[in-house]
2 protein chains.
Amino acid sequence: MSKDKQKKKIYKPKPISGFPEWLPEYRVVEQQWMDKIRAVFESYGYCSIETPSVEELEVIAAKGEDVDKEIYVLERLQADSNDKKDARLALHFDQTVPFARYVGQHFNELTFPFKRYQMQRVWRGERPQLGRAREFYQCDIDVINVDSLPIHFDAEVAAICYEAMDAMDIGRVQLRISNRKILMGLLAHIEIEDSVGVTRIIDKIEKIGSEEVARILKDDLNIPSDQIQEVLTLVQTKDIPSIKALNDEMQEGIDELSFVLNNLKHLPDHAIVADLSIVRGLDYYTGTVYETRLLDIPEFTSSVCSGGRYDDLASNYINKKLPGVGISIGFTRLFEVLHHYNHIKAGKKSPADILMVLPSEKQRALASDTARTLRNRGFKVEMYHAPQKIGKQFSYAEKKNIQYVWIPPFEEGNAHEVKNLDSKTQTEADPNDWTIS
Amino acid sequence: MSKDKQKKKIYKPKPISGFPEWLPEYRVVEQQWMDKIRAVFESYGYCSIETPSVEELEVIAAKGEDVDKEIYVLERLQADSNDKKDARLALHFDQTVPFARYVGQHFNELTFPFKRYQMQRVWRGERPQLGRAREFYQCDIDVINVDSLPIHFDAEVAAICYEAMDAMDIGRVQLRISNRKILMGLLAHIEIEDSVGVTRIIDKIEKIGSEEVARILKDDLNIPSDQIQEVLTLVQTKDIPSIKALNDEMQEGIDELSFVLNNLKHLPDHAIVADLSIVRGLDYYTGTVYETRLLDIPEFTSSVCSGGRYDDLASNYINKKLPGVGISIGFTRLFEVLHHYNHIKAGKKSPADILMVLPSEKQRALASDTARTLRNRGFKVEMYHAPQKIGKQFSYAEKKNIQYVWIPPFEEGNAHEVKNLDSKTQTEADPNDWTIS
């Protein structure tokens, strides 16, 4: 072994399972998508908030036993006695719990209805698999109000999320919408007591089919056949106004869902469908519920953008009734799965529009000045770093996907030239009025 | 105690020390500043990368013993036997270590010189105080290359960071630049062996003054008076070309620093100064070093944007020499201190330009359509959610700092009106060609 090799301990880094990272040409796509989502959220007047990555463990764990095992707790590597005074901190596993805590904490400083979006990483210590990372971005949008929240917002957040998903250029997106009051009203009317059990099975109808759902309802839950038929007929109805309300709860659900559908009529035909088999978040959602399908990406079989209406956001933190409605886009999940199935076209390796050639040391000042002039006019300009052979500078531009190569003249006052690497054309250009044609 | 109160356990949330969060009207400023920094970084052709929030503990801890106590390690709340197979994960405490690991891991897929920026949160378990949070954003820009890196970049990253800081509208920003080779060359020439000890003391010259530095160098390090004088004369020199090189190392430092200063001449007079008393990162930086001062914010006494040139980024991970130069903006630190001293003007509570009034249920479709027309034309439009009294809708716009209130007509075909809440003027308007005047 040579002395050199003895000295150097090389640690070959490898990816950490469940913690995705991207090469620059994919990161730029991720960034563009997030920019588009943000732009849509803001175009409806929703403001941004961010919360810390951690909450006190007491706050995080309040949501229920079943998520405990997914929680990452922080420990200082060399904790000292002072640490015991501090509360234990845990990374948030969603953005709803931190949002509820935020509203509870800052209630008097917020204006209601409070319309916010939040695009942050969350962490879950689950076993990683495709589409289920341990660290991932979610893009949430919610609106909450004191005491009551107009049904207006149930339509608005659906329109916003459709538009945000559609902006990402991933084919046709479909929001499926239901209102839990309709099914729950029916179950109450026909006196089915185990409504949680029944809805949990109905939730599987798309995967296992209605016959299998009927079999399970009969065999496992002992629901009489005529009741099963009534339930299945309802959840397969697409024509909401045709449903006959059997009690006030059903009527409320039908009215609300009709309002929502009615206010989304401006969207393309495929965009919105009523689907009464959608139940979601059994303990949490109380009215409108949403799921989303990517119609042109068959590999993506589950919902990538889901949510609904809830009665009370922050009752753990504040003695107020705060109903809300919201949707969450599972951003990293979407990105990871589409990337895996080659549905994402790599972006450019450099954000630059133009590479400024440095023909010789003598031309450095002129090249710098020209680059600055172009940057001031809004172009992104990478300046080549050394007066190397022109061919080498051109091939650098090609490798980095920079479309235009700018060649400053040998003498100030002479003409600049620009080569378009796509069209292979080279033309004279003035840095003060050149534009991308 | 009433039954109701017994039922509800209210947990009053409080801020977690060292984990800042902002109200929407400050978050929007944070966002605008980060957008500006990103825009400047990209305008020079630097690409974005993000790394996971965690690295394997082995990677994180490689940087040295002194940061061990600041490291947060992740533990699953309910770890099971499978966990023992996984490597231990720790939150990154800077972006340099993850960047080095990233370059080592993806070396064959990157194009060099690799110019990247990275704007992420980092975590340090230090005792929190003003300007020293436990979770904070850093905005890093670095360029690295294989074997050698042109001095061009030492000027470029300085220009970029000046421009990025200047874009934030926080008064005059000053970059102070040195080249460690000049001082190290002198120390070698006059045969001072404890160069680390001497530079550590010189680093304090701005805080304690040159007389105190001289006293410590004499009393604690037994440096002879004439040598102290020689060192102090050098580090207080502002005129780099006037320095007489006493060996090759000094000459190299003078040439490099002169090149850098020369290539930053286009910036305002106050923007760039040579300051040979800057040493920084004693073991790490090898040439150019940077610090930054906010000239108009006297409360901010330390550097908020620092960096330098290093010989070898990723020798832990790859058997290549990868020299680089980079600067890091301590974003959260800057934001927190300026916020504390009331140097940050709150932004708007809503991103909306326009509030669309909903005069009555009958006008809902018209109001929605109008809002959509305006959004398609690039305006941000919040639609009021219920046909409440107009006065209430106007006062909502005022509370949320929405400047324009749009009143759709009672009958389609009649004129729309817009009120500017700043100028108190109300005029007729057409949604298809209205503009902000």
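Whatever comes next refers back to the structure up there.
This one's a predicted model, so the numbers in the text were calculated from it and none came from an experiment.

Calculation rules
- Residues numbered from 1 in each chain as written.
- Chains lettered and ligands numbered in written order.
- Predicted model: local features only at pLDDT ≥ 70, side-chain atom pairs only at ≥ 80, totals over all residues.
- Heavy atoms only, no water.
- Phe/Tyr/Trp six-rings, centres within 6.5 Å; stacked < 30°, edge-to-face > 60°.
- Helix = DSSP H or I, 4+ residues; strand = E, 2+ residues; numbered from the N terminus.
- Buried < 20%, exposed > 50% of the residue type's maximum accessible area, 1.4 Å probe, protein only.
- Least-squares fit on C-alpha atoms with pLDDT ≥ 70 in both.
- Contact = heavy atoms within 4.5 Å.
- Buried area = accessible area lost by both parts, 1.4 Å probe.
- Salt bridge = Lys/Arg side-chain N within 4 Å of Asp/Glu carboxyl O.
- Polar contact = N/O pair within 3.5 Å; in protein donor to acceptor, adjacent residues only side chain to side chain.
- Nonpolar A, V, L, I, M, F, W, Y, C, P; charged D, E, K, R; others polar.

Chemist: What is the right way to look at the packing of aromatic side chains in this model?
Modeler: To describe a pair of aromatic rings, one takes the distance between the centres and the angle between the planes. Residue and element names in this part refer to chain B. Applying the stated rule across the entire model yields 30 aromatic pairs over all chains. Each ring, one from Phe379 and one from Trp434, has its centre 5.2 Å from the other, and the planes form 55°; the classification is tilted. Of the two residues, Phe379 is situated in the loop between helix 13 (364-376) and strand 13 (381-383) and Trp434 in the segment after strand 16 (425-429); the sequence distance between them amounts to 55 residues. For Phe379, a relative accessible area of 10% translates into the label buried. Between the aromatic rings of Trp406 and Trp434, the centroid separation amounts to 5.6 Å while the plane-to-plane angle is 85°, which identifies the pairing as edge-to-face.

Chemist: Help me out: how do you make sense of the relation of the copies chain B and chain A in this one?
Modeler: For the pair of chain copies, the relating transformation is a rotation about an axis with a translation along it. Between the two copies, chain B and chain A, the superposition gives an RMSD of 0.0 Å; the rotation angle is 180° and the shift along the axis is 0.0 Å. Taken together, the rotation and translation describe the operation of a two-fold axis. Residue Leu74 of chain B, judged by its C-alpha, is the member of chain B lying nearest the rotation axis, at 2.5 Å.

Chemist: Any chance you could explain the interface of chain B and chain A here in plain terms?
Modeler: Size of an interface: often given as the accessible area lost when the parts come together. Listed by partner, the interface residues are 106 residues for chain B and 106 residues for chain A. Between chain B and chain A lies a buried interface of about 9,300 Å² when both sides are counted; carbon and sulfur atoms form 52% of it. A per-residue breakdown of the area chain B buries against chain A is headed by Tyr11, Glu21 and Leu77 of chain B, which together make up 8% of the total. In this structure, the connection of chain B to chain A is made through 14 salt bridges. Put simply, Asp35 of chain B and Arg38 of chain A hold a salt bridge, and the shortest N to O gap is 2.6 Å. Inspection of the region where chain B meets chain A yields 50 residue pairs in polar contact (both at pLDDT 80 or more). For the side of chain B that touches chain A, the element with the highest residue contribution is helix 2 (residues 24-43) of chain B, accounting for 8 residues. Of the residues contributing to the side of chain B that touches chain A, the split by class is 46 nonpolar, 22 polar and 38 charged.

Chemist: Please clarify how the pattern of salt bridges should be interpreted in this entry.
Modeler: Oppositely charged side chains can pair when the atoms bearing their charge come close. The full count for this structure, using the stated rule, is 56 salt bridges over all chains. A salt bridge links Arg88 of chain A to Glu75 of chain A; the nearest nitrogen and oxygen atoms lie 3.7 Å apart. Taken together, the residues Arg88 of chain A in the loop between strand 3 (72-76) and strand 4 (89-91) and Glu75 of chain A in strand 3 connect sequence positions 13 residues apart. Arg88 of chain A sits in the partly exposed class, given a relative accessible area of 47%. Taking the shortest distance from any N to any O, the salt bridge between Lys400 of chain B and Glu382 of chain B comes out at 3.6 Å. Here the residue Lys400 of chain B occupies a position in the loop between helix 14 (390-399) and strand 14 (404-407), and Glu382 of chain B occupies one in strand 13, the gap between them amounting to 18 residues. Note on accessibility: Lys400 of chain B and Glu382 of chain B belong to one class, buried. Residues joined in a network through salt bridges with shared partners are Arg27, Glu30, Arg121 and Glu135 of chain A together with Glu50 of chain B.

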